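Chain by chain, the residues run as shown.
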Amino acid sequence: QSTWGLDLLAMEIVISPAFSPGLALVGGALIGTSAVILMGVNGKIFGISSIAAGVLPDNQMADKDWRLAFLAGIVGASSVLVNVFPAGFSPAPGSITMIALGALLVGFGSRLGAGCTSGHGVSGLSRLSRRSFAAVGTFFTSAYLTTVFVRPALDAALAPLSPALPLTVPVPFFSTIVAASAALMLSRALTQPGPSSWAMRMAGFCAGATAASGLVLSGMSNPNKVLTFFNFFPGATWDPSLALVMIPAIAITMTGYRLIPKLMDKPVAGHKFDWPTATEITSNLVLGSALFGVGWSLSGGCPGPILVGVASGLSSSLVAFGFLMLGKYIYENLRPMLGPS
């Protein structure tokens, strides 16, 4: 047991022995670097939820090419990292049914709320966006309340409904398949017709690989580590890694976002800087962020870590990925009725 302890507000919270501040800071720095690459080279905002949604068939975004390359970078890097840094991966705690429900809410909520921990938490806070402050406050609050008050009872209720699945596919075999899939994705991204230049597509790939490396090294791809961050109550074991990841990620992104427009008139490879223009805090933004926070707690992951976890071959990760994309697909089909976020 860790000898570190905190008598914070007389709650006697103990720091988790799994807390690795150095890796959390390095991982956060890599995530911030990924955001700067996307803006400096492509002129695009770093937001994994919207990037992933942009490749869905029903999404009307024209620039699917660099987005697909970004996802190829995430998947390709993860297929390597799962073999060299397996500590960054673990099965999500809880029943498969609860994980599936959580991932569905993550996919739907992050689209309804126009962002997740990367889009709002890193890029939005770095721009001092009022919308992102509202979204981040909402989904952190709903994730905390769900973890403390809802998750244990819901897991017990859903456990009898959960199918028995094998824990994992053999990692070397499955990661090879994932790596081959990433290569095919990158090949498709580089060769398909589209508005993005070859440089933009390669920048997307590098940004995706950098973000995946940051998520794995920092432990954010490990659902247990993420959920332990929300164990902030009397007598709990707490892991503050998530906070340490956000500090350098936001600091580097904020610095990059302020310097890039001063140093160049347009991105290195893109046509213009696509800065978000929305300012209104809408009901959809708040509702979507709340649903995302609930799903984040139930599944143990947000869009980036769920995508990274696919390379592990863990059944919980594969189920989470499938329901994450299903949630995004449902949103895209309901989007005309839901109105703007």
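Predicted, not measured: the structure shown is a model, and the values here were computed from it.

A look at the packing of helix 6 (residues 130-158) against helix 11 (residues 283-299)
Phase 1: Where helix 6 meets helix 11, the axes come as close as 7 Å, and the angle between the chain directions of the two elements is 40°. Comparing their axes, helix 11 and helix 6 come out oblique. Where helix 6 crosses over helix 11, the two elements pack in a sense that is right-handed. Only L285, V286, S289, A290, F292, G293, V294, W296, S297 and L298 of helix 11 make contact with helix 6, whose side of the interface consists of R131, A135, T138, F139, F140, S142, A143, T146, T147, R151 and L154.

Examining the side chain of N222
Phase 1: You can see N222 is positioned in the loop between helix 8 (198-218) and helix 9 (223-229).
Phase 2: In terms of polar contacts, N222 uses its side chain to reach the side chain of S90, at 2.6 Å.
Phase 3: Leave out the neighbours within four places in its chain, and N222 touches A87, G88 and S90.

Description of helix 6
Phase 1: When the local axis directions of helix 6 are compared, the greatest deviation, roughly 55°, occurs at V150, which is followed within four positions by the proline P152.
Phase 2: Considered for burial, the residues of helix 6 that qualify are R131, S132, A135, V136, T138, F139, S142, A143, T146, T147, R151 and L158.
Phase 3: Measuring from the side-chain oxygen of the N-cap residue of helix 6 to the backbone nitrogen of R131 gives 3.3 Å; that N-cap residue is S129.

Re a nonpolar patch on the surface
Phase 1: A cluster of nonpolar side chains, contributed by F323, L326, Y329 and I330, occupies part of the molecular surface with about 310 Å² of accessible area.
Phase 2: Structurally, I330 is set in helix 13 (residues 315-338).

A short note on helix 8
Phase 1: Its 21 residues give helix 8 an end-to-end C-alpha distance of 30 Å, which sits within 8% of 30 Å, the value for a rise of 1.5 Å per residue.
Phase 2: Just beyond helix 8, the residue with positive phi is G219, at close to 90°.

A few points about the pattern of salt bridges
Phase 1: In total, this model carries eight salt bridges according to the counting rule given.
Phase 2: The residue D65 makes a salt bridge to R201 at a minimum N-O spacing of 3.2 Å. Of this pair, D65 sits in helix 3 (residues 64-84) while R201 is found in helix 8, placing the two residues 136 residues apart along the sequence.
Phase 3: Given the relative accessible area of 5%, R201 is considered buried.
Phase 4: Each of the salt bridges in this network shares a partner with another, and the network as a whole consists of K44, D63, R67, K272 and D274.

Section: the packing of aromatic side chains
Phase 1: One pass over the structure, following the stated rule, counts 15 aromatic pairs.
Phase 2: Note on F229 and F230: the rings are 5.3 Å apart at their centroids and 80° apart in plane angle, and the pair reads as edge-to-face. Take F229 and F230: they sit in the same class, and that class is buried.
Phase 3: Ring pairing ties together the aromatic residues F139, F140, F229, F230, F232, W238, F292 and W296, which thus form one cluster.

Quick look at unusual backbone geometry
Phase 1: Positive phi outside glycine occurs at A114, with the angle close to 60°.
Phase 2: Relative to the helices and strands, A114 is located in the loop between helix 4 (96-112) and helix 5 (119-126).
Phase 3: The class for A114 is partly exposed, based on a relative accessible area of 36%.
Phase 4: In this model, L128 sits at a positive phi of 60°, which is unusual for a non-glycine residue.
Phase 5: Counting through the fold element by element, L128 comes out in the loop between helix 5 and helix 6.
Phase 6: Judged by its relative accessible area of 48%, L128 falls in the partly exposed class.

A closer look at the packing of helix 1 (residues 21-42) against helix 8
Phase 1: The N-to-C vectors of helix 1 and helix 8 enclose an angle of 165°; their axes lie 7 Å apart at closest approach. In terms of axis orientation, helix 1 runs roughly antiparallel to helix 8. Crossing hand, helix 1 versus helix 8: left-handed. Along its contact with helix 1, which presents L23, A24, G27, L30, I31, T33, S34, I37, L38, V41 and N42, the element helix 8 presents A199, M200, A203, G204, A207, T210, A211, S213, G214, L215, L217 and S218.
Phase 2: Each residue belonging to the contact of helix 1 with helix 8 can be placed in one class, and the counts come to 14 nonpolar, nine polar and no charged.

As for the state of the cysteines
Phase 1: A complete count under the given rule lists zero disulfides for this structure.
Phase 2: Summary of cysteine pairing: C116 is not part of a disulfide, and the nearest cysteine sulfur, belonging to C302, is at 5.8 Å.
Phase 3: A relative accessible area of 2% places C116 in the buried class.

Parameters and conventions
- Residues numbered from 1 in each chain as written.
- Predicted model: local features only at pLDDT ≥ 70, side-chain atom pairs only at ≥ 80, totals over all residues.
- Heavy atoms only, no water.
- Axes fitted to C-alpha atoms, helices over the stretch in contact; angles between N-to-C directions.
- Helix = DSSP H or I, 4+ residues; strand = E, 2+ residues; numbered from the N terminus.
- Parallel < 35°, antiparallel > 145°, perpendicular 65-115°, else oblique.
- Left-handed = near helix turned anticlockwise from the far one by under 90°.
- Contact = heavy atoms within 4.5 Å.
- Polar contact = N/O pair within 3.5 Å; in protein donor to acceptor, adjacent residues only side chain to side chain.
- Bend = angle between axes of the 7 residues up to and from the residue.
- Buried < 20%, exposed > 50% of the residue type's maximum accessible area, 1.4 Å probe, protein only.
- Patch = residues over 30% accessible without salt bridge, like charges linked within 9 Å, V, L, I, M, F, W, Y side chains within 5 Å.
- Areas by Shrake-Rupley, 256 points an atom, 1.4 Å probe, with all protein chains shown as cover.
- Salt bridge = Lys/Arg side-chain N within 4 Å of Asp/Glu carboxyl O.
- Expected span 1.5 Å × (residues − 1).
- Phe/Tyr/Trp six-rings, centres within 6.5 Å; stacked < 30°, edge-to-face > 60°.
- Nonpolar A, V, L, I, M, F, W, Y, C, P; charged D, E, K, R; others polar.
- Disulfide = S-S within 2.5 Å.

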